[in-house]
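# Structural overview for review
These are the residues of each chain, in order.
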Amino acid sequence: MPADERFAVRRESARASVPRPLTAAPAPAGVPLPPGLALRGRLATGARRPETPRGSGRGGSGSRTPRSGGGGGPRRAYERARRAWDRPLTAYYVILGSSLLITVLGLVMVYSASMIKALDISKPATYFFGKQFLAAVIGGGLMLIAARMPVKLHRGLAYPILMVTVFLMVLVQVPGIGMSVNGNQNWLYLGGPFQLQPSEFGKLALILWGADLLARKQDKRLLTQWKHMLVPLVPVAFMLLGLIMLGGDMGTAIILTAILFGLLWLAGAPTRLFAGVLGFAAVLAFLLIRTSPNRMSRLACMGVSEPDPEGGCWQAAHGIYALASGGWFGSGLGASVEKWGQLPEPHTDFIFAITGEELGLAGTLSVLALFAALGYAGIRVAGRTEDPFVRYAAGGVTTWITAQAVINIGAVLGLLPIAGVPLPLFSYGGSALLPTMFAVGLMIAFAREDPAAKTALAMRKPGVRWKTMRRRVKKRSSGER
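Scope of this entry: the structure provided in the associated data block. (Residues numbered from 1 in each chain as written. Predicted model: local features only at pLDDT ≥ 70, side-chain atom pairs only at ≥ 80, totals over all residues. Heavy atoms only, no water.)

## Points about the overall build of the protein chain
Basically, it comes down to this: Only DSSP runs of H or I reaching four residues or more are called helices, and only runs of E reaching two or more are called strands; each is numbered from the N terminus. Relative accessibility thresholds used throughout: buried, under 20% of the residue-type maximum; exposed, over 50%; partly exposed, between the two (1.4 Å probe, protein chains only). The contact rule is simple, with two residues in contact once any of their heavy atoms fall within 4.5 Å. The protein chains shown are the only cover counted for residues, whose accessible areas, like all others here, come from Shrake-Rupley with a 1.4 Å probe.
Scanning the protein chain from N- to C-terminus turns up 19 helices and 3 strands. Looking at the protein chain residue by residue over its 481 residues, the buried ones come to 41%. Across the protein chain, the fraction of contacts at a sequence separation of at least 24, relative to all contacts at a separation of at least 6, is 68%. When the accessible surface of the protein chain is split by element, carbon and sulfur atoms take 63% of a total near 27500 Å².

In structure tokens, the structure reads:
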């Protein structure tokens, strides 16, 4: 056979030995093919995959969804802020930081607002500031002690603090022992320039004692009965209110009533019971205001924009003047005009007006933001705990601080009657500052008692962190490098 014929026969035999690709048999109508068989069928028939446009693969721009202009940034920032707020130690740091900032800013404003008043009574310009600074140092020590005390010790102090406070409030009404300031018989003379207002400690006493009482009744499942919810909480609260009203201090009585309502609300008082107590308190307040010309004049000064021709509403009107003249950023620290004798009590009840005049809207909004942060952190502590005492006490302290701040600022703005209560942690007054800082320390202790916060604080200790790192490192054999 010639060579050409032999080559052709070999080529045909080689082609016959090559296996042909499997082809998928045509499926009946309506019956889908299995994925693998369908793929083999497409390869056998020579079907080609659609070409992918250039740039549409990884790293290309074709497959990416176009972002909206700047939409991802705010959302990402919101998610970060939400995760940061949900951390275990957030409430602890917010309570500590906001309370210290309010106290420090209050010291600055007390010095600025009280200089002219001190010089007017022939005292050094730092007279009121020195007393407030001393009270802040003592209050800082009380806050530190309260923050380090366990919850059981706070509960143990509830009854002693209540009995001592009631005893001091009774002493105020004894002639020759109690003192009258601005028409209110609610002060005790301690010697030198120092005085004490026991009614300020009555707020703290009612919170601790009421929280302990409600917690014990909740453990025994007695709060479902209205008599156990009201007795003896409401009678003791009304006893404190009676001792306060004997001295004529309507503002402190309002704060104490707000604390009582806050405790009843946290205890789950029914709407009818809550409305009944609220209605009785409203009727009693109306009678007390109606029978006092001084309180009626304060009520008539709500919303005024200029003083009465006979001299009435002078303080309310000049408080509005101070706020209006501040503008956006104020006239400057120490440059207030109203504190030169125009505005009475510029460093106590109306220190917020001087803040608005010297620091402007930016300064007043900063103060409001700090109080809002403190209140929200207190609500978080009360809402996340499983201990009923912690929930009632934290809720009571939050009600106390926020209600007093709202009443004071509302009076300066002309939205509420002038109640004569200081701005918590901010206004001048050691008797108000000491129990308030102790109450802040109480909330810090409650924030530290959270199990997640305990773990996070323990991890921050150098010894615990070193031991944790050593446990994570695997032990190596002696010959391993």
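## Here's the deal with the state of the cysteines
What counts, and what does not: Counting rule for disulfides: a pair of cysteine sulfur atoms within 2.5 Å.
By the definition in use, this model includes 1 disulfide. There is a disulfide in this structure between Cys 301 and Cys 313, and the S-S distance comes to 2.1 Å. The sign of the -90 degrees torsion about the S-S bond sets the Cys 301-Cys 313 disulfide as left-handed. Of this pair, Cys 301 sits in the loop between helix H13 (293-300) and helix H14 (314-326) while Cys 313 is found in the loop between H13 and H14, placing the two residues 12 residues apart along the sequence.

## Details of the environment of Val 181
Residue placement: Val 181 occurs in strand S1 (residues 178-181). When its relative accessible area of 26% is taken as the criterion, Val 181 is described as partly exposed. Between the alpha carbons of Val 181 and Gly 247 there is a distance of 10.0 Å; along the sequence they are 66 residues apart. Once residues lying within four places of it in the same chain are set aside, the contact partners of Val 181 are Trp 187 and Gln 195.

## Some remarks on unusual backbone geometry
A cis amide bond links Val 231 to the next residue, Pro 232, at an omega of 0 degrees. For Pro 232, the position within the fold is in the loop between helix H9 (226-230) and helix H10 (233-246). The phi dihedral of Glu 345 is positive, around 50 degrees, even though this residue is not glycine. By the secondary structure assignment, Glu 345 is in the loop between H14 and helix H15 (351-384). Of note, Leu 425 is a non-glycine position whose phi angle comes to about 65 degrees, a positive value.

## Section: a positive patch on the surface
Stated precisely, the cut-off is as follows: Put simply, a patch holds well-exposed residues, over 30% relative accessible area, that have no salt bridge, with like charges counted together within 9 Å and Val, Leu, Ile, Met, Phe, Trp or Tyr side chains within 5 Å. Just to be clear on terms, a salt bridge is a Lys or Arg side-chain nitrogen sitting within 4 Å of an Asp or Glu carboxyl oxygen. A residue counts as positive if it is Lys or Arg and as negative if it is Asp or Glu; His and the chain ends are not included. Think of each charge as sitting on NZ of Lys, CZ of Arg, CG of Asp or CD of Glu.
Together, Arg 76, Arg 80, Arg 83 and Arg 87 line one region of the surface with positive charge. Relative to the elements of secondary structure, Arg 76 occurs in helix H3 (residues 72-85).

## Overview of the packing of aromatic side chains
So the rule is basically this: Aromatic pairing here means that ring centres of Phe, Tyr or Trp (its six-membered ring) are within 6.5 Å. Orientation follows from the plane angle: under 30 degrees is stacked, over 60 is edge-to-face, and everything else is tilted.
Scanning the entire structure with this criterion turns up 8 aromatic pairs. With centroids separated by 5.3 Å and ring planes inclined at 85 degrees, the aromatic side chains of Phe 128 and Tyr 428 adopt a geometry described as edge-to-face. Of this pair, Phe 128 sits in helix H5 (residues 127-148) while Tyr 428 sits in the loop between helix H16 (388-412) and helix H17 (430-448); the two residues are 300 residues apart in sequence, bridging distant segments of the chain. Each of the two residues, Phe 128 as well as Tyr 428, counts as buried. A ring pair is formed by Phe 389 and Phe 446, whose centres lie 6.1 Å apart and whose planes are at 85 degrees; its orientation type is edge-to-face. Here the residue Phe 389 occupies a position in helix H16, and Phe 446 occupies one in helix H17, the gap between them amounting to 57 residues. Phe 446 carries the same exposure label as Phe 389, and that label is buried. Each member of the aromatic cluster is reached from another via a ring pair, and the members are Tyr 111, Phe 129 and Phe 133.

## Structural notes on the packing of helix H4 (residues 90-120) against H17
For clarity, the threshold we go by: All axes here are fitted lines through C-alpha atoms, helices being fitted over the stretch that makes contact, and every angle between N-to-C directions spans 0 to 180 degrees. Angle categories are assigned with fixed cut-offs, so that under 35 degrees is roughly parallel, over 145 is roughly antiparallel, 65 to 115 is roughly perpendicular, and the rest are oblique. The handedness criterion is simple: a crossing whose near helix is rotated anticlockwise from the far helix by less than a right angle is left-handed, and one whose near helix is rotated clockwise is right-handed.
Look at H4 against H17: their axes get within 8 Å of each other, and the N-to-C directions meet at 165 degrees. The angle between H4 and H17 places the two elements in the roughly antiparallel class. Here the hand of the crossing between H4 and H17 comes out left-handed. Contacts from Ala 91, Tyr 92, Ile 95, Leu 96, Ser 99 and Thr 103 of H4 reach H17 at Met 437, Val 440, Met 443, Ile 444, Ala 447 and Arg 448.

## Some words on empty space enclosed by the protein
How we decide: A pocket here means an open set of points on a 1 Å grid, computed over the protein atoms alone, that has protein on both sides within 12 Å along at least five of seven lines. A cavity is instead a set of points where a 1.4 Å probe fits but cannot get out; residues with an atom within 4 Å of a point line either one. Grid points are joined across faces, edges and corners, and a volume is the space filled by probe spheres set on the points. Side-chain classes follow a simple rule in which Ala, Val, Leu, Ile, Met, Phe, Trp, Tyr, Cys and Pro form the nonpolar group, Asp, Glu, Lys and Arg form the charged group, and the remainder, Gly included, forms the polar group.
With the rule as written, the count across this model stands at 3 cavities of 30 Å³ or more. Looking at the largest cavity, it is lined by 15 residues, and the ones nearest its centre are Leu 423, Pro 424, Leu 425, Ala 432 and Leu 433. Of all elements in the fold, only helix H8 (198-219), H16 and H17 reach the threshold of two or more residues within the lining of the largest cavity. A per-element tally of the lining of the largest cavity places H17 first, with 3 residues. Among the residues forming the lining of the largest cavity, the class breakdown is 9 nonpolar, 4 polar and 2 charged.

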